[in-house]
Amino acid sequence: MGRSIALGAVVAITVLGSISASAAPTVDERELLGQSYEGRPIRVFHRGDPDEIRVLVVGCIHGDECAGVRIARRLRSGRPRSSLDLWILPSLNPDGRAAHTRQNARGVDLNRNFPYRWRRGPRGRYYPGRRPASERETRIAMRLILRIEPDITIWFHQPLALVDASGDLTIERRYARLVGLPLVYLGRLHGTATSWQKHVLRGTEAFVVELPGGALRPPRARRFANAVYRLVRA
């Protein structure tokens, strides 16, 4: 199955489970994308077959919602799999994670700072920044997404324990079933990463997985990680 496959075909694969294992060479590399406002590194890990379906996983965008980092670590372990082209960004907000705050070091909610449908707002928990893409962390994510053009991007959040039904319901419903979470529509939000990707890369899918609150135990992390592979396989 080649990289040129359209997202509609990804859905067909999801439904029919017709993908077969490939013997193609795999990659296993990491890349420094840049630094946060306070100078912490932001890295992405690339594993798998570049000719397969491209999936980007972001473990943490809000610094007080970082249980997804454990899922990212799980995806980085073991041998790379040739069934997909996997990109793993463990944390887009290392400053917020260090301070245990939702926002980055400049007090901006990164998931309200993306350019599509951005709008001004007051300082506080959901402060969207002074202008669209004002934050270096936002721009790092945008550059990566525009460069690799993922077919599917999964953003992990907390603590609502659901999958947001805001895009391609076939893909979202399948992931929700694989991990045992309900599929719930959270409503339209402004300046989000998922809506920006779907606007600039038409035909791709990006969705939010809200993990339960608190730490994620290893068996649950393994289930969420395995579901990333099973999303495009039988």
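As a starting point, this report considers the structure included with it. (Residues numbered from 1 in each chain as written. Predicted model: local features only at pLDDT ≥ 70, side-chain atom pairs only at ≥ 80, totals over all residues. Heavy atoms only, no water.)

1. Things to note about the packing of aromatic side chains
Two descriptors summarise a pair of aromatic rings, namely the distance from one centre to the other and the angle between the planes of the rings.
Part 1 of the reasoning: Under the criterion given, the structure shown has four aromatic pairs.
Part 2 of the reasoning: Between the aromatic rings of Phe 114 and Trp 155, the centroid separation amounts to 6.4 Å while the plane-to-plane angle is 80 degrees, which identifies the pairing as edge-to-face. Pair noted here: Phe 114 is in the loop between helix H3 (94-99) and helix H4 (136-148) and Trp 155 is in strand E5 (residues 152-157), with a separation of 41 residues, a long-range link. The two residues Phe 114 and Trp 155 agree in class, both being buried.
Part 3 of the reasoning: Between the aromatic rings of Phe 114 and Trp 196, the centroid separation amounts to 5.9 Å while the plane-to-plane angle is 45 degrees, which identifies the pairing as tilted. Of the two residues, Phe 114 is situated in the loop between H3 and H4 and Trp 196 in helix H6 (residues 193-200); the sequence distance between them amounts to 82 residues. Across the pair, exposure class does not vary: Phe 114 and Trp 196 are buried alike.
Part 4 of the reasoning: Grouping aromatic residues by their ring pairs yields a cluster made of Phe 114, Trp 155 and Trp 196.
Part 5 of the reasoning: The ring centre of Tyr 229 lies 3.9 Å from the NZ or CZ of Arg 81, which sits over that ring.
Part 6 of the reasoning: Sitting above the plane of the Tyr 37 ring, Arg 106 keeps its charged end 5.6 Å from the centroid. (Phe/Tyr/Trp six-rings, centres within 6.5 Å; stacked < 30°, edge-to-face > 60°. Helix = DSSP H or I, 4+ residues; strand = E, 2+ residues; numbered from the N terminus. Buried < 20%, exposed > 50% of the residue type's maximum accessible area, 1.4 Å probe, protein only. Lys NZ or Arg CZ within 6 Å of the ring centre and 35° of its normal.)

2. Things to note about the environment of Pro 94
Part 1 of the reasoning: If you trace the backbone, Pro 94 turns up in helix H3.
Part 2 of the reasoning: Residue classification places Pro 94 among the buried residues on the basis of a relative accessible area of 13%.
Part 3 of the reasoning: When the C-alpha atoms of Pro 94 and Pro 41 are compared, they prove to be 7.8 Å apart, with 53 residues separating the residues in sequence.
Part 4 of the reasoning: Residues within four places of Pro 94 in sequence aside, it is in contact with Ser 36, Arg 40, Pro 41 and Ile 42. (Contact = heavy atoms within 4.5 Å.)

3. Things to note about the pairing of strand E1 (residues 27-35)
Working note: regular strand, side chains alternate between the two faces of the sheet.
Part 1 of the reasoning: Relative to strand E2 (residues 41-48), E1 is paired through eight bridges, and the arrangement is antiparallel. Within the sheet, the bridge partner assigned to Glu 29 lies in E2 and is His 46.
Part 2 of the reasoning: Connecting E1 to the next strand, E2, in antiparallel fashion are five residues, including Gly 39 with a positive phi near 90 degrees. (Pairing = 2+ DSSP bridges.)

4. Considering a positive patch on the surface
Part 1 of the reasoning: Taken together, Arg 30, Arg 43, Arg 70, Arg 73, Arg 76, Arg 97 and Arg 217 make up a surface patch of like positive charges.
Part 2 of the reasoning: You can see Arg 30 is positioned in strand E1.
Part 3 of the reasoning: Overall, Arg 30 belongs to the exposed group, its relative accessible area being 60%. (Patch = residues over 30% accessible without salt bridge, like charges linked within 9 Å, V, L, I, M, F, W, Y side chains within 5 Å. Areas by Shrake-Rupley, 256 points an atom, 1.4 Å probe, with all protein chains shown as cover. Salt bridge = Lys/Arg side-chain N within 4 Å of Asp/Glu carboxyl O. Lys, Arg positive; Asp, Glu negative; His and termini not counted. Charge placed at Lys NZ, Arg CZ, Asp CG, Glu CD.)

5. Regarding the side chain of Thr 138
Part 1 of the reasoning: Relative to the helices and strands, Thr 138 resides in helix H4.
Part 2 of the reasoning: Of the residues examined, Thr 138 reaches a relative accessible area of 0% and is grouped as buried.
Part 3 of the reasoning: Within polar-contact distance, the side chain of Thr 138 engages the side chain of Asn 113 at 2.8 Å.
Part 4 of the reasoning: Every residue in contact with Thr 138, bar those within four places of it in the chain, is listed here: Leu 110, Asn 113, Phe 114 and Ala 133. (Polar contact = N/O pair within 3.5 Å; in protein donor to acceptor, adjacent residues only side chain to side chain.)

6. With respect to the pairing of strand E3 (residues 54-58)
Part 1 of the reasoning: The buried fraction of E3 amounts to five of the five residues, a majority that puts the element mostly inside the structure.
Part 2 of the reasoning: Along E3, one buried face is formed by Arg 54, Leu 56 and Val 58 and the opposite face, lined by Val 55 and Val 57, is buried too.
Part 3 of the reasoning: Relative to strand E4 (residues 85-89), E3 runs parallel, the two being bridged by five bridges. Residue pairing for E4: Val 58 is matched across the bridge by Leu 89.

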